[in-house]
Amino acid sequence: MIKKLTVPSRGAKVAAGAVVVTLSFAAVAGAETFGFGTTPTEQEIAAIDIDVMSDGRGYPEGSGTVAQGKEVYASKCAACHGENMEGVKEAGGAALIGGRGTIGTPKTKKTVESYWPYASTLFDYTKRAMPFNEPGSLSNDEVYAVSAYILHKANIIDANATMNAETMSKVEMPNKDGFIADPRPDIFNYR
Amino acid sequence: MTKAKNPDLTYPDLSSYEIPEDKLAQIEGMRDAEKRALMARKAELEECECREGMFPNPMASRRSFFAGAAAAAAAAGSLPVVARAAAPPGAKEFEVPSDPTKVQGRLTNDDGGYGSRSQFEDEVRWRFPTKTKESSWTMTPLAAGMGMITPSGLHFERHHGGIPTINPASHSLIVHGMCDKPKKYSVADLKRFPSDSRINFIECSGNGLTEFKAPYLKTVQGTHGLTSTSEWTGVPLSTILDEVGVKPGAAWILAEGADAAVMTRSVPIDKAWSDAMIAYGQNGEALRPEQGYPIRLMLPGYEGNTHIKWLRRLEISDKPFQTREETSKYTDVVKDGKARQFSFTMEAKSVITFPSGEMKLPGPGFYEITGLAWSGRGRVKDVEVSTDGGKTWHLASLQGPILPICHTRFRFPWMWDGNPALIASRCIDETGYMQPTIASINEVRGVNGHPKFASIYHLNGIMAWAIGADGSVVNAAHKV
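Since we're looking at a predicted model, the values are computed, not measured.

Considering the sheet that holds strand β21 (residues 408–416) of chain B
Residues and elements named next belong to chain B. Spatially, 4 strands are ordered β16-β17-β21-β20 in an open sheet, and the strand pairing comes out antiparallel. Pairing within the sheet leaves two strands with one partner each, and these edge strands are β16 (349–354) and β20 (397–398). Alignment of β16 against strand β17 (residues 365–374), held across 5 bridges, turns out to be antiparallel. Directly across from lysine 349, in β17, lies its bridge partner tryptophan 374.

In structure tokens, the structure reads:
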């Protein structure tokens, strides 16, 4: 009798006969895993592990002040986001501040100030994708500084604030409680 | 079969919409994209003096033929013959012999070994006119589509930092975080694993964003063109998770792309274990660059943005990462002012693609109503069609194979009596969920409760088209 050789899959392990799967797996690979690929070095991981999480994990070394951020903003950001962070429609740059309290009203204005629930997202996104014409070019100090300047202009932190891993982690955004889990299906028209 | 009419380029007045600026800008953009395509068609119609008798298409004059009832016009001697200097995108221009049986044709394999479409076929995606061409999107021409597969070159797109050019030989995927054995995979490594192929749709959750409040765009490409279906081939993500050994407590995985946006989304680990895939193939060949070459994430049934293209990193974690695309974007503000987050599933939906907006039926008689139905929750069970504005519904025939999380082609034979008609379709998926009306969606989520604002994402309501006594077909969203 010819048996079909199979490879392990999670579904098979759960649903099918575990013994058969294990045997045929051994016949194919002779090991518990395929073992393809290599082990990345810590440096290789660190080089692209740039995300920052809302609980503060992932913030890099460095710091920046509101005053320093003002300079970074003027040279790297203002062209698209406007001198006063009001956004520049022609450039496709969104408004960064204002609109607080408008979410869910006819005048809804989504900005970092009014809508973004976590300061970590501001740091993370600026670091990974901004400025648009030179993505990923800002140093950690510059990202801390420009984050500080935006958060200050959004009336979230003081003018004399210095932002670093510790202070950024403690920022509470105005709309932090503005999000709920997806409740769908929300229309019960079943048959 | 159909007659084009001189396109109507007027649109509803947006000043009465009273909706947020960002939403307004998106509606205006969609309008401008459609308008541009319709204007191109208008220009050609005037040029060839053939306002009647052609399939509605922005570049229809290439086809220089009549069909069906319009053949009479051709017989009368008004058949237009229009030469064009340049071939449409994806085609090459060749001289057309008067009798192809009297001259030898083109040389075998003279195309270099990779074929192109006919110079007489000119369906193209439309681009949403964002301020930058790097961050933009395009819509699939559904009206002319056949079957359930979208040609790779017509698959809708959404890019946030342009289309990167990546040499697969120097691309790798690093999997790390809460696992026993972090791994770095070359594209060649990934192709050594047991592979799988699945035919799945991908739909942008912004598909239909212009139609929440009232009928707005004119064509099905505008109202529904942000969905496409391909056969995707790759390695199940569960295989990779087995390889790296996921640690207890892991709940989310960050997927990250290698484009200029370094696009990121958090994926629930249950989804990663169930049917997620790292795809390197599309419709029998490598992924197209605009679809994520050399590798992309496939999360069948989830909103398109989560299918991270140009995948370079997967980080296993205990919490979601709260990236920009899952906080400031792709969240739905509903009527209590709260925003729904992680609204992944694309719910059951369908649309009639023929007849659809801007077409013109030449007269009473037989028409095959056809369209697409799909559900992010599984197979399409039934599609029902109404030709009387939703008073009565009839089962459409479904073209097999009916696959889970896949466009399903439906057809419904119809004798049009020449009176105004309101046609619509609704999809019932295998969970029993029936595609709701737009009104019932708005009632729950808030447009009716708050008539002055509207959502952007996840509109899966019933789409209707109104057919006038003159055979013209117009958007009748909200009317069923």
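A closer look at unusual backbone geometry
Residue and element names in this part refer to chain B. A cis geometry characterises the amide bond from tyrosine 293 onward to proline 294, with omega recorded as 5°. Positionally, proline 294 belongs in the loop between β11 (285–286) and β12 (296–298). Looking along the chain, the bond that leaves phenylalanine 354 and enters proline 355 is cis, with omega of -10°. If you trace the backbone, proline 355 turns up in the loop between β16 and β17. The backbone phi angle of asparagine 283 is positive, close to 50°, even though this residue is not glycine. You can see asparagine 283 is positioned in the loop between β10 (277–282) and β11. Here glutamine 322, not a glycine, exhibits a phi torsion of approximately 55°, which is positive. As for its placement among the helices and strands, glutamine 322 is situated in the loop between β13 (311–317) and β14 (332–333).

Quick word on the interface of chain B and chain A
It is common to report an interface's size as the accessible area lost on association of the parts. Listed by partner, the interface residues are 78 residues for chain B and 56 residues for chain A. Summing the contributions of chain B and of chain A, the shared interface buries around 5,800 Å²; its carbon and sulfur component is 56%. Inspection of the chain B/chain A interface yields 10 salt bridges. Of the charged contacts in the structure, one is a salt bridge between aspartate 51 of chain A and arginine 313 of chain B, with a shortest N-O distance of 2.7 Å.

A closer look at the confidence of the model for chain A
When the pLDDT values of chain A are averaged, the result is 89; 85% of them are 70 or greater. Here residues 10–30 of chain A is a poorly scored stretch, pLDDT under 50, and it has 22 contacts once near neighbours within four places are set aside; other chains count.

Considerations on helix α5 (residues 237–244) of chain B
Across the 8 residues that make up α5 of chain B, a large majority, 7, are buried. Looking one or two residues past α5 of chain B, glycine 245 of chain B carries a phi angle of roughly 75°, positive in sign.

Looking at the packing of helix α4 (residues 66–76) of chain A against helix α7 (residues 140–153) of chain A
Residue and element names in this part refer to chain A. Close contact between α4 and α7 brings their axes to 7 Å; oriented N to C, the two are set at 95°. As judged from the angle between their axes, α4 and α7 are roughly perpendicular. Contacts between α4 and α7 involve Val66, Gln68, Gly69, Lys70, Val72, Tyr73 and Lys76 from the former and Glu142, Ala145, Val146, Ala148, Tyr149 and His152 from the latter. Residue composition of the contact of α4 with α7, by class: 7 nonpolar, 3 polar and 3 charged.

Focus on the packing of aromatic side chains
For the structure on display, the rule yields 20 aromatic pairs over all chains. Summarising the aromatic geometry, the rings of tyrosine 11 of chain B and tyrosine 216 of chain B are spaced 5.6 Å apart at their centres and angled 45° between planes, so their arrangement reads as tilted. Of this pair, tyrosine 11 of chain B sits in the segment before α1 (21–48) while tyrosine 216 of chain B sits in the loop between β6 (196–203) and α4 (220–224), placing them 205 residues apart in sequence. For the pair formed by tyrosine 11 of chain B and tyrosine 216 of chain B, the shared burial category is buried. Here tryptophan 252 of chain B and phenylalanine 342 of chain B contribute two aromatic rings whose centre-to-centre distance is 4.8 Å and whose plane-to-plane angle is 45°, an arrangement assigned as tilted. Of this pair, tryptophan 252 of chain B sits in strand β8 (residues 252–257) while phenylalanine 342 of chain B sits in the loop between β15 (339–341) and β16; the two residues are 90 residues apart in sequence, bridging distant segments of the chain. By the burial criterion, tryptophan 252 of chain B is buried, and phenylalanine 342 of chain B matches it. Put simply, the rings of Phe34 and Phe36 of chain A together with Tyr185 and Phe193 of chain B pair up and form one aromatic cluster. Over the ring of tyrosine 11 of chain B we find lysine 218 of chain B, and its NZ or CZ is 4.4 Å from the ring centre. A cation over a ring is seen here: arginine 377 of chain B above tyrosine 433 of chain B, with NZ or CZ 5.6 Å from the ring centre.

Let's talk about α4 of chain A
At 3.6 residues per turn, the α-helix brings residues three or four places apart onto the same side. Residues and elements named next belong to chain A. Among all positions of α4, only Val66, Gly69, Val72 and Tyr73 are buried. The buried residues of α4 all sit within an arc of 110° when viewed along its axis, so they share a single face. Set apart from the buried face of α4 by more than 90 degrees, the exposed residues are Ala67, Lys70, Glu71, Ala74 and Ser75. Buried residues belonging to α4 abut β1 (63–65), α5 (78–81) and α7.

Criteria and cut-off values
- All residue numbers refer to position in the chain's written sequence, counted from 1.
- Chains carry letters and ligands carry numbers; both start at the beginning, A for chains and 1 for ligands, and go up in the order they are written.
- Note on the predicted model: pLDDT of at least 70 is required for a residue's local features to be given, and 80 or more for side-chain atom pairs to be given and counted; whole-chain, interface and lining totals, by contrast, use all residues.
- Just so you know, side-chain values use all the structure's heavy atoms and leave hydrogens and water out.
- Only when DSSP finds a minimum of two bridges between them are two strands counted as paired.
- Think of it this way: any DSSP run of H or I at least four residues long counts as a helix, any run of E at least two long counts as a strand, and we number them from the N terminus.
- For this analysis, residues touch if any pair of their heavy atoms sits within 4.5 Å.
- The term buried area denotes the loss of accessible surface (1.4 Å probe radius) that occurs when two parts are joined, taken as the sum for both partners.
- The term salt bridge refers to a side-chain nitrogen of Lys or Arg lying within 4 Å of a carboxyl oxygen of Asp or Glu.
- Values of pLDDT, which run from 0 to 100, indicate the predictor's confidence residue by residue.
- Partly exposed residues are those whose accessible area sits between 20% and 50% of the maximum for their type, while under 20% is buried and over 50% is exposed, using a 1.4 Å probe and protein chains only.
- Here, axes are lines fitted to C-alpha atoms. For helices the fit covers the stretch in contact, and angles between N-to-C directions go from 0 to 180 degrees.
- If an angle is under 35 degrees, it is roughly parallel; if it is over 145, roughly antiparallel; if it lies from 65 to 115, roughly perpendicular; otherwise it is oblique.
- Here the nonpolar group is Ala, Val, Leu, Ile, Met, Phe, Trp, Tyr, Cys and Pro; Asp, Glu, Lys and Arg are the charged ones; every other residue, Gly included, is treated as polar.
- Only rings of Phe, Tyr and Trp enter the pairing, Trp through its six-membered ring, and a pair is recorded when the two centres are within 6.5 Å. The plane angle decides the type: under 30 degrees is stacked, over 60 is edge-to-face, the rest tilted.
- Only when the NZ of Lys or the CZ of Arg is both within 6 Å of the ring centre and within 35 degrees of the ring normal is a charge said to sit over the ring.
- The arc in question is traced by the directions running from the helix axis to the C-beta atoms.

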